[in-house]
Amino acid sequence: MIRVLILFFILNFYNPVFSSNKEKIISQMQLTNNLSFNFIQTIDNKNENGKCIIEYPKKIWCAYDNSNKKIIVSNAKSLVIKTSNKGGYYLYPLSKTPLNFLLDKDYLISKMKILEPREIDGKYLNFKFLENDNEINIFFDKKSLNLIGWQTEDVYQNLVITFISSLKINIKIREKIFVLPKQN
């Protein structure tokens, strides 16, 4: 009888804590200062690819591998889209774009804390939230729990799907890449 009581107490008091995937993703994001990755972006059934660097909070630099050498840069306040063949650029307040939310790690973490991820095809975990008429979906690999992409609408109301690969976390980056380009 004493053995049964001892076993009962051990099982009740030794209850190992297993973190959920959501908690692991949040913990991983809290430790992330920047991301570097390759991407494939689909807008209206047109694919573009390139490389990006995100530095939290709210900075991004992306270079597209296309004929017009498009570059996207955010300095945490404004978003610039520059193409070489037009000789100029488009300037948007970052606050008016879905990137304002995607580039804000603390915002994403606060949303993930109150949501439960949806499992997709047994491979992905998805968090979906609405903010200022923006529907934002972020996707994580179920095994590695790494960010693998997102889905939003751009400033022209086009569906934008971004898939990322070759992810590197907390690399050394040069701050000057987030300086907004000057108009030609």
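To be clear, the structure that these remarks concern was listed above.
Being a predicted model, the structure only gives us computed values, none of them experimental.

This brings us to helix H4 (residues 105–114). Taken residue by residue, H4 has Lys105, Tyr107, Leu108, Ile109, Lys111 and Met112 as its buried positions. Where H4 is buried, its residues touch helix H2 (21–30), helix H3 (99–102), strand S8 (124–131) and strand S9 (134–141).

Attention now moves to the pattern of salt bridges. Between side chains of opposite charge, a pair can form when the charged atoms approach closely. Taken as a whole and assessed by the stated rule, the structure comprises 8 salt bridges. The partner of glutamate 131 in a salt bridge is lysine 111, with the nearest N and O atoms 3.4 Å apart. Pair noted here: glutamate 131 is in strand S8 and lysine 111 is in helix H4, with a separation of 20 residues, a long-range link. Overall, lysine 111 belongs to the buried group, its relative accessible area being 18%. Through salt bridges that share partners, Glu55, Lys59 and Glu175 make up one connected network.

What the rule picks out here adds up to 1 disulfide. Between cysteine 52 and cysteine 62 runs a disulfide, and the two sulfur atoms are separated by 1.8 Å. When the S-S torsion is 110°, as for the bridge of cysteine 52 with cysteine 62, the disulfide is right-handed. Separated by 10 residues along the polypeptide, cysteine 52 in strand S2 (residues 46–55) and cysteine 62 in strand S3 (residues 59–64) bring together distant segments of the chain. Given the relative accessible area of 4%, cysteine 52 is considered buried. Exposure remark for cysteine 62: the relative accessible area of 5% places this residue in the buried category.

Rules used throughout
- Residues numbered from 1 in each chain as written.
- Predicted model: local features only at pLDDT ≥ 70, side-chain atom pairs only at ≥ 80, totals over all residues.
- Heavy atoms only, no water.
- Buried < 20%, exposed > 50% of the residue type's maximum accessible area, 1.4 Å probe, protein only.
- Helix = DSSP H or I, 4+ residues; strand = E, 2+ residues; numbered from the N terminus.
- Contact = heavy atoms within 4.5 Å.
- Salt bridge = Lys/Arg side-chain N within 4 Å of Asp/Glu carboxyl O.
- Disulfide = S-S within 2.5 Å.

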